Amino acid sequence: MALDNTREKSLSFTPMVIEDTMRNGRGLSDQWADTVVVRPRTTERHITVHKRLVLAFAISILTLIIVTVIAVLLSVKFEECNADSTTSASHWNLTKFNQSRDALFNHRGEDSFQPWRQLRLPGSLRPLQYDLHITVFMDNFTFSGEVSIELQCLNSTKYVVLHADRLAVQKAVVYSEGKKTRALKIHRQFRYPANQVFVIAMHRELESQKNYKVNITFQAHIEDELLGFFRSSYVLYGEKRYLAVTQFSPTHARKAFPCLDEPIYKATFKISIKHESTYLSLSNMPVEASISEEDGWVTDYFSRTPRMSTYYLAWAVCNFTFKETVTDSGITIRLYARPDAIQRGSGDYALHITKRLLGFYEDYFKVKYSLPKLDLLAVPKHPYAAMENWGLSVFVEQKILLDPGVSSISYLMDVTMVIVHEICHQWFGDLVTPVWWEDVWLKEGFAHFFEFLGADFLFPDWHMEKQRFLTDVLHEVMLLDGLASSHPISQEVLKATDIDRVFDWIAYKKGAALIRMLANVMGQPVFQMGLNDYLITHMYGNAGRDDLWNKFSEAMQKEGRDINIKEVMDLWTLQMGYPVVTITKNDSVDNSVTISQEHFIFDIKHSAPSNSSFQWQIPLTISVGNSSHISPESIIWVSNRSESHKIGSVDDGSWLLGNINQTGYFRVNYDLRNWRLLIEQLMRNPEVISVGNRAGLIDDVFNLARAGYLPQNIPLEIVRYLSQEKEFLPWHAASRVLYHLDKLLDRTEEYSIFSEYILKQVASMYHKLGWPTSAVNGSVAQATYQTEELRREVIMLACSFGSKHCHQQAITLISEWISSNKNRIPPNVRDIVYCTGVSLMDEDVWEFIWMKFHSSTAISEKKVLLEALTCSDNTFLLNRLLNLSLSSDLVPDQDVIDVIIHVGRNPHGRHLAWKNFREKWDILNTRYGEALFINSKLINGVTEFLNTEAELNELKDFIQTNGGGAAAAFARAVEIVEANVRWHSLFEEEFFQWLRKSPTS
């Protein structure tokens, strides 16, 4: 083996050096003695004494060197023997292997050019194809592998640098390819853990423009930490069963096999997997052949993939069953899941819509799906909602399995959106991959945007893109992007530890919002034309943001519209945040208005001085309206800090409305007179203003007031119109901002004044809509989606803010369920009823819900039951739930984060969740540390409603000693809590002062 050869050379070389040193030492001593013989006899005796002293000193030094060398040799030999004794397929010690390898290959200072120390791969070699064979041992959760990588040498080099992390490399051989294939001499090989690379140093340089093949055999553990090649488990008929599945994005393919693990290094992959015959294996491509062996093992050989990035490679070994369907174009779609879930039909919905979605995307993009099959795999544990591996998309069970009899509309929508998102990635991500992680939004932003277009295709009555996009994407991400700790959507990524950081809501939701804004500026036909050209030009390759901008500019030019898309969009993607556009009517006869822009930020004292110079090119749509009419929108490109424009006919009774249907990514503020006119319009006849703009006005006014741009009474006045609001979206926008205020105020002395005010606004609509009937019509997606969601939203507000009627209804429904053991609670309000019942009723109800959580087999029902347990007013029960979640298998890993966050949202559990978070941080960080997206979600969820000086100081103290691994998330948390504290200090009294004097309407 190459590894052992290198060791043998080291052992034979060292004694030669020692022998030469000893011989040279003796020669120097004799030569020095000869030269002093001619000195006078008077000094000879002294010289002889000096000679003896020097000789004795030299002998002492040589003895010390010899002893040291022997000790080193014995140490190395011992580690060599130790490593050699641990190479069997099923019994080996990975830790000792790594230790001995580190001791043997200490290469510091040995080479002037050290490409392994660079943060990126050197670029001298390009992979053409991989042949990878994996043998999976599920009995001890290990696997062995052999990979053969065909490489093209682009620039001559002596080093083959591959990514490898936690892999025990047993043997590495490099071959030259050509007429005469031969193994090349390897000088040495070593790993460099700091950059997760394995280096093969060649005896001679690899020649430019020639191909080579690297063969490596290796072993590793099937991990338990949800990254790389990891294991999971589930219980079926009382028996615990295991499966193993991969999660390679963004940088974890290197945990499963040596590879060039950067997106730009696309290659083809041919996979074979050997496993016990009681299991089946899956990968990106269909199985070409399966060969059974007499010892009960099977090897599955998969077809070669198209050119793709390493992080989209995938495989799984499980004993699931499946259902399948076939598209009109012959693509086989299979859904794999636990046998009981398949038997219940829990995967039927996902299978059905996936078939429709493949057709939708092929028609929209005018590019066919590239593979012969698409597998959907539902696993019990996964670090994310889903992963779009090409041809083998992996979903956590809660995001793909659905039980029609018990799943609510909101759960159905959640499942739908995740599936739509992942299928879109088969084009944006798999087929065309971002060049580097700084532009991860190029795939995630598009997939998130198309969640809403795809859902509209499946359910046209839902109006997802025009409505739910506003509250669920635009309003949500503007909260984050309004912080000084935000960052540009395209952000520099220098090292592997930075990569997970870019997978945040800025990439997903801001990416989607900017794409939506641009699509509305371009118009859908031109937008589609640009996308089609982009996909065809870069299919099976990589692309950057400028490639997209160029295709969009070309599409615009074909339509005779000369807009430099790059010039416009660079301001939106390379600057953090977004503007607030202020529209002010001038006191002049020419109907002019002043339009100004500035960087919106919640807490101006956190803003960097450079941010004040931010400017954007803003496509501002604007209309003029009065009590019965609104004018057609016109578009103004706002490029300067302040501009004057003439806007139609504007009299004293007319109001201005900007950002029509909220297609732009910015907030709009007005002079106070215009705000008064808009509020009067909403009170008299809200339908003159579109549904989207009514929701937008609510979100803007609350957040402008929160940041100090408006007086605190303006948002409270605007919600008075809600009693006349018949549409779901404005209610949904209102509930989101009201819940935030609720969490700020729920521990204040005058909280009841606020809750009573909100209940007055909700009461009439609550009594008008009533509760849903308990009859289930067998259809999950009901035709009355908007009505059902509006009813649910109003009931949630009523119960949350203390409606006695709502509370009594929830208690009655829970009591009937307990007494009859038949759950007749309508699925669409079960989460509200369960939560309200647990919070108001005794400990027996909590125990009942806990029992039902464990006995339920429906994934959606288990999720709702678990969240209900976090609603208790009993801190003992909340603490018990937290401890069970963090220290046992009773709560699935996937749900632990949600439990902690929901306890933190409960005013009775907020400090408890915060305390547990701090005490159990080491456990949580070990479990989820590498999945920074999960860690950020946890940190934000636990801290976002802390709002006292004491809690702020606790947070800062905690970060000082524990915050290194999640610095960005903690910085954001500090800013949010500081803004909460600041709001109490500056605005709480003004807020309650208005409420005390408010009208009773």
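Just above, that's the structure.
Please read these numbers as outputs of a predicted model, since none were measured by experiment. (Residues numbered from 1 in each chain as written. Predicted model: local features only at pLDDT ≥ 70, side-chain atom pairs only at ≥ 80, totals over all residues. Heavy atoms only, no water.)

**Q** How would you summarise the overall build of the chain if you had to cite specific residues and measurements?
**A** A tally of helices and strands in the chain yields 30 helices and 29 strands. Taking the intrachain contacts of the chain between residues at least 6 apart in sequence as the baseline, contacts between residues at least 24 apart amount to 73%. Surface exposure of the chain reaches about 40,000 Å², of which carbon and sulfur atoms provide 53%. (Helix = DSSP H or I, 4+ residues; strand = E, 2+ residues; numbered from the N terminus. Contact = heavy atoms within 4.5 Å. Areas by Shrake-Rupley, 256 points an atom, 1.4 Å probe, with all protein chains shown as cover.)

**Q** Hey, could you go over the pattern of salt bridges for me, with residue numbers and the actual values?
**A** By the definition in use, this model includes 58 salt bridges. With its nearest N and O atoms 2.9 Å apart, the salt bridge here joins Asp-340 to Arg-338. With respect to class, Asp-340 is no different from Arg-338; both count as buried. Counted as one network, the salt bridges with shared partners bring together Asp-165, Arg-166, Glu-223, Glu-225 and Lys-255. (Salt bridge = Lys/Arg side-chain N within 4 Å of Asp/Glu carboxyl O. Buried < 20%, exposed > 50% of the residue type's maximum accessible area, 1.4 Å probe, protein only.)

**Q** Would you mind going over unusual backbone geometry in detail, with residue names and values included?
**A** Residues Ser-249 and Pro-250 are joined by a peptide bond in cis, for which omega reads -5°. When you line up the elements, Pro-250 lands in the loop between strand 10 (239-247) and strand 11 (268-276). Even without a glycine there, the phi angle at Lys-366 is positive, about 60°. Looking at the element boundaries, Lys-366 is found in the loop between helix 5 (348-365) and strand 18 (373-379). Lys-366 gets classed as exposed once you look at its relative accessible area, which sits at 57%. Of note, the phi angle at Asn-821 is positive, near 60°, even though the residue is not glycine. Note on Asn-821: relative accessible area 49%, which makes it partly exposed.

**Q** An account of the pairing of strand 11 is needed here, citing residue identities and associated values.
**A** Pairing between strand 1 (residues 125-137) and strand 11: seven bridges, direction parallel. Across the sheet, Asp-131 pairs through a bridge with Lys-270, a residue of strand 11. Relative to strand 14 (residues 297-302), strand 11 is paired through five bridges, and the arrangement is antiparallel. Bridge pairing links Ile-273 to Asp-300 in strand 14. (Pairing = 2+ DSSP bridges.)

**Q** Give a description of helix 7 (residues 441-458) that names residues and reports values.
**A** Helix length check: helix 7, at 18 residues, gives a terminal C-alpha distance of 25 Å against a target of 26 Å (1.5 Å per residue), a fit within 8%. The buried fraction of helix 7 is high, at 16 of 18 residues. (Expected span 1.5 Å × (residues − 1).)

**Q** Describe the sheet that holds strand 27 (residues 642-646), listing the residues and the values that go with them.
**A** Ordered in space as 27-24-23-29, the four strands form an open sheet in which the pairing is mixed. Edge positions in the sheet fall to strand 27 and strand 29 (667-670), since each has one partner strand and no second. Pairs of neighbouring strands in the sheet enclose a mean axial angle of 25°, with direction left out of account. For strand 23 (residues 579-585) and strand 24 (residues 592-599), the ladder comprises seven bridges, and the chain directions are antiparallel. When the sheet's bridge partners are listed, Thr-582 is paired in strand 24 with Ser-596. (Axes fitted to C-alpha atoms, helices over the stretch in contact; angles between N-to-C directions.)

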